[in-house]
Amino acid sequence: MRINYRSKAELAEMREAGVVAATILEEMCQAAKPGVSTWDLEMIARRGIEKFKVKSAFLGYASPPYPAVLCASINEVIVHGIPNKKDVLKDGDIIGIDFGIFKNGWCADNARTVCVGNVSPENRRLVDTAREALDKAIALCLPNNRLGDLGHAVQSHAESRGYSVVRQFVGHGIGRQMHEDPQVANFTENGRPDSGKRIKSGLVIAVEPMVNAGAPEVEILSDEWTAVTKDRSMSAHFEHTIAVTDNGPWVLTKL
Ligand code: MF3
Ligand code: CO
């Protein structure tokens, strides 16, 4: 476990990556309307990558190599849905859009779940809860807090609404690589906040709660990427890249 702590100057460079990731994500979110395919979103993202002269953090990642520059995760898909011409958004869907890039060798990772057209109150409540859970975790990204404080905040908020948090995927340190130490869980083992590593100034983490309407269990589809809820309940995902500073949390992917 080797945790990197970034200087003020390095954080300023990471912020540039964050703005580009967030700008392109915003464009995709605006485009996520009924009749639009997830491959249309891929095209928007690829154009943005060219325009800003940055590099995809996702394309070719891991094994089997991830085949796209974003993840498009509709309804019961938790994360890592692969963009596809046949996946056309319909009124009432919720779609998690996850996007990461490198700019000047620094990575930024940013995701949001958006409501497509008229979404049921039940599903809007799920999406709102996942966003709120991330906001609560961000507020705790302060020197001297502990990573378990974040996990506890996410878990207790989601569970207070009758939802569950996914255990199989976690947030992560981020910097020169997309995935660095430490892991940032959205839960705690003992249900208590005061556990885990102590947070210090200069730490940069991608916090990414995944909240399921039903049970927390995950199933991976035969493409070896798409992660769906085992019970096929709906799921929502939000992610920001956050720097811990002495002046409080700096959300590098916030526009
Ligand atoms: N935000 C996700 C993560 O941090 C995106 C990874 S998708 C991948 O793991 F294709 F790059 F793996
Ligand atoms: Co991430």
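Here, the structure is the one placed above.
Predicted model, so just to flag it, every value in this text is computed and none were measured. (Residues numbered from 1 in each chain as written. Chains lettered and ligands numbered in written order. Predicted model: local features only at pLDDT ≥ 70, side-chain atom pairs only at ≥ 80, totals over all residues. Heavy atoms only, no water.)

### Remarks on the pairing of strand β8 (residues 180-184)
Each regular strand carries side chains that alternate between the two faces of the sheet. Threshold: Any two strands between which DSSP finds at least two bridges are classified as paired. The numbering of helices and of strands both runs from the N terminus, where a helix is a DSSP run of H or I of at least 4 residues and a strand a run of E of at least 2.
As defined by bridge partners, strand β7 (residues 171-173) adjoins β8 across 3 bridges and the pair is classed as antiparallel. Its bridge partner being in β8, G171 is matched across the sheet by V184. Between β7 and β8, which pair antiparallel and follow one another directly, the connecting turn spans 6 residues.

### What to know about the packing of helix α1 (residues 8-31) against helix α2 (residues 38-51)
Between two packed helices, what matters for the description is the angle formed by their axes and the separation of those axes. Inclusion rule: Angles shown run from 0 to 180 degrees and are taken between the N-to-C directions of axes, each axis being a line fitted to C-alpha atoms and, for helices, limited to the stretch in contact. Angle categories: roughly parallel below 35 degrees, roughly antiparallel above 145, roughly perpendicular from 65 to 115, and oblique for all the rest. Note on convention: the crossing is left-handed when the near helix lies turned anticlockwise from the far helix by less than a right angle, right-handed when the turn is clockwise. Residues count as neighbours in contact if any of their non-hydrogen atoms are within 4.5 Å of one another.
Relative to each other, α1 and α2 sit at 155 degrees, their axes nearing to 9 Å. Considering their axes alone, α1 and α2 lie roughly antiparallel with respect to each other. The chirality of how α1 crosses α2 is right-handed. Counting all contacts with α1, which are made through I24, E27, M28 and A31, the residues of α2 involved are L41, I44, A45, G48 and I49.

### So, the side chain of T38
For clarity, the threshold we go by: A simple rule labels every residue: compare its accessible area, found with a 1.4 Å probe on the protein chains alone, to the largest value its type can have, and call it buried under 20%, exposed over 50%, or partly exposed in between. Each polar contact in these results corresponds to two N or O atoms within 3.5 Å; when the atoms are within protein, one needs to be able to donate a hydrogen and the other to accept it, and residues that are neighboring in sequence are counted only if both atoms are side-chain atoms.
Within the secondary structure layout, T38 lies in helix α2. We classify T38 as buried; its relative accessible area is 1%. A polar contact of 2.8 Å, which involves the side chain of T38, links it to the backbone nitrogen of N84. Apart from residues lying up to four places away in sequence, T38 is in contact with A72, I74, I82, P83, N84, D87 and I95.

### Digging into the sheet that holds strand β12 (residues 227-229)
Strand pairing in a sheet relies on backbone hydrogen bonds, with the paired strands running either antiparallel or parallel. If you walk across this open sheet you meet the 3 strands as β3-β12-β11, and the pairing is antiparallel. Looking at the sheet topology across the chains shown, the edges are occupied by β3 (77-79) and β11 (218-220). Averaged over all pairs of adjacent strands, the angle between strand axes in this sheet comes to 45 degrees, irrespective of strand direction. Across 2 bridges, the pairing between β3 and β12 is antiparallel. Note that in β12 the partner of V79 across the bridge is A227.

### Details of the site of ligand 1
What counts here: We call a residue near a given molecule or strand whenever any one of its heavy atoms falls within 4 Å of it. The Shrake-Rupley method, run with a 1.4 Å probe, gives the accessible areas here. Residue values count only the displayed protein chains as cover.
Neighbouring residues of ligand 1: 13 residues in total, closest D98, D109, H172, H179 and E239. Taking D98, its side chain carries an N or O atom lying 2.7 Å from a nitrogen atom of ligand 1. Within the side chain of D109, a nitrogen or oxygen atom sits 2.9 Å from an oxygen atom of ligand 1. Isolated, ligand 1 exposes 330 Å² of accessible area, and the fraction of that covered by the protein chains is 95%.

### A closer look at unusual backbone geometry
With an omega dihedral of -5 degrees, the bond running from S63 to P64 counts as a cis peptide bond. Inspection of the secondary structure assignment puts P64 in the loop between β1 (55-56) and β2 (70-74). With phi around 55 degrees, N75 is a residue other than glycine that occupies positive phi space. Note that N75 resides in the loop between β2 and β3. You can call N75 buried: its relative accessible area is 11%. Here the phi dihedral of H80 falls at roughly 70 degrees; this positive angle occurs in a residue that is not glycine. Position of H80 among the secondary structure elements: in the loop between β3 and β4 (94-103).

### A short note on the packing of aromatic side chains
Inclusion rule: Aromatic contacts are taken between Phe, Tyr and Trp rings whose centres are within 6.5 Å, Trp giving its six-membered ring; a plane angle under 30 degrees counts as stacked, one over 60 as edge-to-face, and the others as tilted. Comment: the charge-over-ring label is applied if NZ (Lys) or CZ (Arg) is within 6 Å of the ring centre and within 35 degrees of the ring normal.
Following the criterion strictly, the structure yields 2 aromatic pairs and no others. When the centroid spacing of 5.0 Å and the interplanar angle of 80 degrees are considered together, the rings of Y66 and W225 count as edge-to-face. Residue Y66 is found in the loop between β1 and β2, and its partner W225 is found in the loop between β11 and β12; the two are separated by 159 residues along the sequence. With respect to burial, Y66 and W225 carry one shared label: buried. One cation-aromatic arrangement involves R176 over W106; the distance from NZ or CZ to the ring centre is 3.8 Å. Lying over the aromatic face of Y5, K200 brings its terminal NZ or CZ to 4.7 Å of the ring centre.

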